[in-house]
Amino acid sequence: MNYVILFTDPAATATNISGGKGANLSLLTQRDFPVPPGFVVTAAGYRDFIRAFPELPARIAALPVGDAPALQRAGEQLRADLAALPLPPDLIADVRAALTRFPPTQAFSVRSSSTLEDLASAAFAGQHDTFLNITGADAVLAKIKACFLSLWHDRAIAYRQQQRFDHAHAAMAVVVQQMVPCDVAGVGFSINPVSGDLSELVIDANFGLGESVVGGETPVDHFELAKSDRSLRRSRIAQKTAKIVGTADGTTEVALSGAEAARPCLDAAQLAALADLLLRVERSYRFPQDIEWGFAGSELFLLQSRPVTTIPTRWTRDESAERFPNVITPLTWDFVDEGFHRSLAYSFRLMGNPPCHGKWFGMHGHYIYGNQNVVDLYLKRAPFEASSLDELKTVIPRLREEYRWVLELPVQWSRDLDDYLLNLGEYLAEPLADKSLSELWQFVIRVNERGAQYFQPNIAISITHGTLHHLLHRLLKMFAGADANRLFDGLLAFCETKTGIINRELFELAALARATPGLEPLLRATASRQLIDDQTLAGFPAFETRFQKFLRDHGHREVDFDMYHATWLEAPWIVLDNLRLILQTPMTPTPAEKERALRVRTQEAERELFQRLPAEVHFFFSEILRLARTYTSLDDLEHYQTTRLALPLRRALRELGQRLVRRGVLDEPMDIFFARRAQIDAAIAADRDTAWQEFTATVRRQKTVYLADRVRTPEWTLGATRPSLAATSPNGRHLHGLPGSPGEAEGPVYLVLHADDFAKFPKGSVLVARTTNPTWTPLFYSAAAVITESGGPLSHGAVTAREMRIPAVMSVSGCLQTLTNGQRVRVNGMNGEVTLY
């Protein structure tokens, strides 16, 4: 069969063949998860279907993506034109043949599976069509064609546009899967998608088929469980109003009332089974998953799984306090932020990690915070699961292929380093005096851009360094048990690093000072700054020559991470302070003697380890050890070379600052660091007195705030308090519901009761509705926040709001009666609270 591929076929796990949904279901089937059997109509079938419509590329190029009403009309016309095309005859034959594998009366779900959906970068939740309880070959074929057409719904087009996907590259596969007559069904997340708590599982459920949960149009039961012991942390049992059940020709909605409406959908045993399934799926993908599931009687089925696309932020100093202990000036952070997150995206692609949405680090009150949810999620990913020698031997071949880049990266990085260093030398030699203010600023941008290009793979180096250390420790625990910690310390006791080399050179300088008559007492008794200012070291020529060479070699070393602060070359007295500290010690043993002892310890630990290991894993362990040491050295070296960027940047920024001081714009040359990059861009572009006056006031104000922040102790975790689930009834100036998408936003209310209201929706308003469905997606691009009267945190509306990064509160009872157009409200999506003004 050319157009149909079974879930059990290894080729079906390719997204370009089966689309996101089909590839995931095929992979889960092949990993022995309880997936109902089925097959995929491949994306090749869609491509052959549209081949009979040669004007499609021109129609795609002409789509009015910036005009929602026009886009809706264009999408309708395009689907109507495509609907007139017949399905390829071979596709029809292949589908009919595949259906003979099932009983003639078997009902199926027919689901769109775009080659762009269910990826870690975009869920496409509800943007394409799904059909349930379809019986008979003719009906299945009709729904396959409808799924092809759904690629051109205006909501799907708008979503692709928002995600910056190329419409011309989109293709549609279709999943045809045995229908499960669910008694209860729903969705589950292996993390809390609203709070970002990685230790929680979240489940929404209703009686009947899961569409009532996914669609968000009826109240549903909500459960939050602890990952560690599967215990129930929080729950809210809804007064359910309806369920969806299968009929002879599709589905229908059945009203619920009385005891059935108030009864929990899931008992303790079912919750435990779901928790186990969620954790198994997450371990299988090594990344948080969003699943659809269903119980038919006592049997649990996995109906779909996709990566969680949006991880909420939780800002803490856990990851950042050591790296960024002090306040950072605005300009430094603007440069670092852009370069770091470019490197993060590049490095994650190199490493095969799912993309990271949002920020890893962020500046709050001039202190740098890490997004701890993202940090924990990515840095704690184990490259494999193995608890025995046999399991380890089975994964080694896969590791060799999947992590080949780990072997190649050090060579590639070293190859590219020379060009970066040559460029820095050119920048330091380039004359600045003849440049205009605009040219000088463009020079700064050019230098920073070269640094960002150099830095692109460096996050991969840093993360791999940590991963290799964690991996080695886990392997040692497997083979050495209680001796693992001792062996680990011994095996990595010595690694050659640039920092170690510099420390040896500092020691040698201190030894030379001690051996130079009269110099050691001077260094001990005289302030280092005074020795430099008075040029005292010129009286000790041998030491002065060695000292100046040290500064030429390593003078770019930073005193503080912030480029606002001088380097060793600009503040050489700091090096003398280091020498004074060394001279105050016994200076025995020497660094060379310490190094020899560590090398001996490393060799002894290595000998002991290989005596314990089976011969068949000797090479594997020797490579892990070699790479752990290589990346230890490389991680230190890349930081050393990164800091070289400070010299040309500070040189150019000082020149820029001096000119602005002469014009009366800045009080001090280095006050330029208290401006934001965009503010400098705007002031230089305008180059008017009024613009520079405003710039002066802004810089002074921002410096004042910086200086105040510098002396305060930053809170360790931002917004640490998380309330329990609130009641849904109005309470004075507040309405409460379920947290749907984190964040806070304020704006005027606009009630959207039906599609006719779309065109009138004012940009920046708070969207208030009974519910939302996928056709409403374009409204989210204009909305400041979302409030719905029904639905839960796992509904399409909540998923879309999280992807658009706008706050949302779901299941706010009475919101349509309480709120009026134009009324100002503040929406807190984390707390599930709406404040009325």
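Keep in mind the model is a prediction, meaning the values are calculated, not measured.

J.: Could you give an account of the overall build of the protein, naming the residues involved and the relevant values?
T.: Along the backbone of the protein there are 30 helices and 24 strands. In terms of C-alpha radius of gyration, the protein reaches 31 Å, essentially the compact-globule figure of 28 Å for 837 residues. For the C-alpha atoms alone, the extent of the protein along its principal axes is close to 100 × 75 × 55 Å. Within the protein, buried positions represent 55% of all 837 residues. Counting only carbon and sulfur atoms, one obtains 52% of the accessible surface of the protein, whose full area is about 35100 Å². Across the protein, the mean location of the 88 positive side-chain charges is 2 Å away from that of the 96 negative side-chain charges.

J.: Can you lay out the sheet that holds strand 21 (residues 785-788) for me, pointing to particular residues and giving the numbers?
T.: As summarised here, the arrangement of the 8 strands in space is 17-24-23-19-20-21-22-18, forming an open sheet in which the pairing is mixed. Edge positions in the sheet fall to strand 17 (734-736) and strand 18 (738-741), since each has one partner strand and no second. Strand after strand, the sheet turns through a mean of 30° between neighbouring axes, direction not considered. Bridge count for strand 19 (residues 744-751) against strand 23 (residues 824-828) is 5 bridges, and the pairing is antiparallel. Looking across to strand 23, one finds that G747 is bridged to V825.

J.: Can you lay out the pattern of salt bridges for me, pointing to particular residues and giving the numbers?
T.: Applying the stated criterion across every chain yields a total of 55 salt bridges. Across the salt bridge formed by E595 and R599, the nearest N and O atoms sit 3.0 Å from each other. A residue pair is termed a helical-turn pair when its members lie 3 or 4 positions apart in one helix, as E595 and R599 do in helix 23 (residues 591-612) at 4 residues. Its relative accessible area of 42% is what places R599 among the partly exposed residues. Across the pair R612 and E608 runs a salt bridge whose closest N-O atoms are separated by 3.3 Å. Here E608 and R612 lie together in helix 23, a separation of 4 residues that amounts to about one turn. On the accessibility criterion, R612 (35% relative accessible area) is partly exposed.

J.: Describe the state of the cysteines, with residues and values.
T.: A covalent bond between the sulfur atoms of two cysteines is what we call a disulfide. With the rule as written, the count across this model stands at 0 disulfides. Not part of a disulfide, C147 finds its nearest cysteine sulfur in C182, a span of 18 Å. Among the residues examined, C147 registers a relative accessible area of 0% and is labelled buried.

J.: Any chance you could break down the side chain of E292 for me, citing the residues and the numbers?
T.: The residue E292 is located in strand 12 (residues 289-296) in this model. If near-sequence neighbours (up to four positions away) are discounted, E292 is found in contact with R111, G186, V187, V214, F301, L302, L303, Q304 and R306.

J.: Explain the confidence of the model for the protein to me, and be specific about the residues and the numbers.
T.: Per-chain confidence: the protein averages 90 in pLDDT, with 96% of residues scoring 70 or above. Least confident of the elements in the protein is helix 28 (residues 777-780), whose mean pLDDT is 72; most confident is helix 25 (residues 646-662), at 98. Note that pLDDT drops below 50 for residues 118-124; the model gives that stretch 38 contacts with residues more than four away or on any other chain. Here residues 721-730 is a poorly scored stretch, pLDDT under 50, and it has 26 contacts once near neighbours within four places are set aside; other chains count.

J.: I'd love a proper account of the packing of helix 16 (residues 458-480) against helix 24 (residues 618-642), names of residues and values included.
T.: Remark: helix 16 packs on helix 24, axes separated minimally by 9 Å, with the N-to-C direction vectors making an angle of 150°. Considering their axes alone, helix 16 and helix 24 lie roughly antiparallel with respect to each other. Judged by the sense of rotation from one axis to the other, the crossing of helix 16 with helix 24 is left-handed. Facing N458, I461, S462, T464, H465, L468, H469, L471, L472, L475 and F479 of helix 16, the residues of helix 24 in contact are F620, F621, I624, L625, L627, A628, Y631, T632, L634, D635, E638 and T642. For the contact of helix 16 with helix 24, the residue count by class is 14 nonpolar, 7 polar and 2 charged.

J.: Break down the packing of aromatic side chains for me, citing the residues and quoting the values.
T.: Tallied over the entire structure, the rule returns 27 aromatic pairs. Ring plane angle 85° and centroid distance 5.5 Å describe the contact between W692 and F695, whose orientation is recorded as edge-to-face. Placement of the pair is W692 and F695 together in helix 27 (residues 689-710), with a separation of 3 residues, close to one helical turn. A single burial state applies to W692 and to F695, both of which are buried. Among the aromatic residues, ring-to-ring pairing joins F324, W333, F340, F361 and F561 into one connected group. The side chain of R160 reaches across the aromatic face of W152, ending 4.8 Å from its centre. In this arrangement the basic side chain of R317 is found over the ring face of Y369, its NZ or CZ atom lying 5.9 Å from the centre.

J.: Explain the sheet that holds strand 2 (residues 38-41) to me, and be specific about the residues and the numbers.
T.: Strand order in this open sheet of 5 strands is 1-2-5-3-4, and the pairing throughout is antiparallel. Where the open sheet ends on each side, the last strands, each with one partner, are strand 1 (4-6) and strand 4 (130-135). Pairwise comparison of adjacent strand axes, ignoring direction, gives a mean angle of 25° for this sheet. Lying over the sheet, helix 1 (residues 15-30) contacts strand 1, strand 2, strand 3 (107-114) and strand 5 (172-178), oriented at roughly 125° with respect to strand 3.

J.: Report on the packing of helix 15 (residues 437-455) against helix 25, specifying residues and quantitative values.
T.: Packing of helix 15 against helix 25 brings their axes to within 9 Å, and their N-to-C directions diverge by 160°. It follows that helix 15 is roughly antiparallel to helix 25 by the angle criterion. Once helix 15 is placed against helix 25, the crossing between them reads as left-handed. Along its contact with helix 15, which presents L437, L440, W441, F443, V444, V447 and N448, the element helix 25 presents P648, L649, A652, L653, E655, L656, R659 and L660.

Reading the values: rules and limits
- Residues numbered from 1 in each chain as written.
- Predicted model: local features only at pLDDT ≥ 70, side-chain atom pairs only at ≥ 80, totals over all residues.
- Heavy atoms only, no water.
- Helix = DSSP H or I, 4+ residues; strand = E, 2+ residues; numbered from the N terminus.
- Rg over C-alpha atoms; globule rule 2.2 N^0.38 Å.
- Buried < 20%, exposed > 50% of the residue type's maximum accessible area, 1.4 Å probe, protein only.
- Areas by Shrake-Rupley, 256 points an atom, 1.4 Å probe, with all protein chains shown as cover.
- Lys, Arg positive; Asp, Glu negative; His and termini not counted.
- Charge placed at Lys NZ, Arg CZ, Asp CG, Glu CD.
- Pairing = 2+ DSSP bridges.
- Axes fitted to C-alpha atoms, helices over the stretch in contact; angles between N-to-C directions.
- Salt bridge = Lys/Arg side-chain N within 4 Å of Asp/Glu carboxyl O.
- Disulfide = S-S within 2.5 Å.
- Contact = heavy atoms within 4.5 Å.
- pLDDT = per-residue confidence, 0-100.
- Parallel < 35°, antiparallel > 145°, perpendicular 65-115°, else oblique.
- Left-handed = near helix turned anticlockwise from the far one by under 90°.
- Nonpolar A, V, L, I, M, F, W, Y, C, P; charged D, E, K, R; others polar.
- Phe/Tyr/Trp six-rings, centres within 6.5 Å; stacked < 30°, edge-to-face > 60°.
- Lys NZ or Arg CZ within 6 Å of the ring centre and 35° of its normal.

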